Amino acid sequence: MNRRPFFIITIALGIHSGLDAQTCNHPNLSKVYDYKTVVRRYPLTDSINYTADVTLQISRKTKSNVWQNISYKADLLYEDVFKNCDATRSYITGYRKNAEVSDYDFGDLVIADVNFDELEDIAIKYDSGGNGGPLYNFYLQDKNGHFYLSRYLTDSVGSFPAYINPKQKTITTQIHANVRYEARKTFRYNSKSQKWKLIKWQMID
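As the structure is a prediction and not an experimental result, all values here were calculated from the model. (Residues numbered from 1 in each chain as written. Predicted model: local features only at pLDDT ≥ 70, side-chain atom pairs only at ≥ 80, totals over all residues. Heavy atoms only, no water.)

Participant: So what exactly am I meant to see when it comes to the pairing of strand 3 (residues 50–60) here?
Facilitator: Each regular strand carries side chains that alternate between the two faces of the sheet. As defined by bridge partners, strand 2 (residues 33–43) adjoins strand 3 across 11 bridges and the pair is classed as antiparallel. Opposite Tyr-42, over in strand 3, you have Thr-51 as the bridge partner. Pairing of strand 3 with strand 4 (residues 66–77), which is carried by 9 bridges, proceeds in the antiparallel orientation. Among the inter-strand pairings, Asp-53 is bridged to a residue of strand 4, identified as Lys-73. Linking two consecutive strands that pair antiparallel, namely strand 3 and strand 4, is a turn of 5 residues. (Pairing = 2+ DSSP bridges. Helix = DSSP H or I, 4+ residues; strand = E, 2+ residues; numbered from the N terminus.)

Okay, structure coming up:
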């Protein structure tokens, strides 16, 4: 007799969690791939922020099947993250390339060549961050067309670069540091060693 109420509660919880799933299709970010985000959100105790299971489905435009799935757990997201399907940007196709950047937020999903090999790479939000703006997972593309997590860009850079310089092979982030200054960091990529190095750190008034 005790099993029936437990069974009903389990069903109700399953239905509720299904309502938190959000799907967005992104066909305009690449000339080669179609991207799709599938996000299942779980409210935190403050009922304002969320943690989420995020899956990025990558399909070739010439084929209907999924080429690669990237899945990760987002630590802390604001309520609107991954709900606005237009909160994206592509430096490959130019889609919303010049859209306004507010609070150092370049979008939930950004496509760009960040390691200067003429292949598109992925930056996707995993934390809404604080005064310095959101933090991104960076996935670089290999020669076979697969994407792999860049630990250095994800852990040591974090923010999406405000400046990308292909000639110098540098990326530069500029984010809030304190009430007066912004911190500007420049990283250079060595294509031979395939390693990054922080080469400049400035405080900008």
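Participant: So what exactly am I meant to see when it comes to the pattern of salt bridges here?
Facilitator: Pairing between side chains of opposite charge can happen when the charged atoms of each approach one another. Applying the stated criterion across every chain, the model contains 6 salt bridges. Between Asp-108 and Lys-125 there is a salt bridge, with its nearest N and O atoms 2.9 Å apart. Taken together, the residues Asp-108 in the loop between strand 5 (88–90) and strand 6 (109–112) and Lys-125 in strand 7 (residues 121–130) connect sequence positions 17 residues apart. In this structure, Asp-108 and Lys-125 share a single accessibility class: buried. Between Asp-205 and Arg-180 there is a salt bridge whose closest N-O contact spans 3.0 Å. On the criterion of sequence distance, the pair formed by Asp-205 in the segment after strand 13 (195–204) and Arg-180 in the loop between strand 11 (170–176) and strand 12 (182–190) is long-range, its members being 25 residues apart. (Salt bridge = Lys/Arg side-chain N within 4 Å of Asp/Glu carboxyl O. Buried < 20%, exposed > 50% of the residue type's maximum accessible area, 1.4 Å probe, protein only.)

Distances and angles like these do not, on their own, reveal function.
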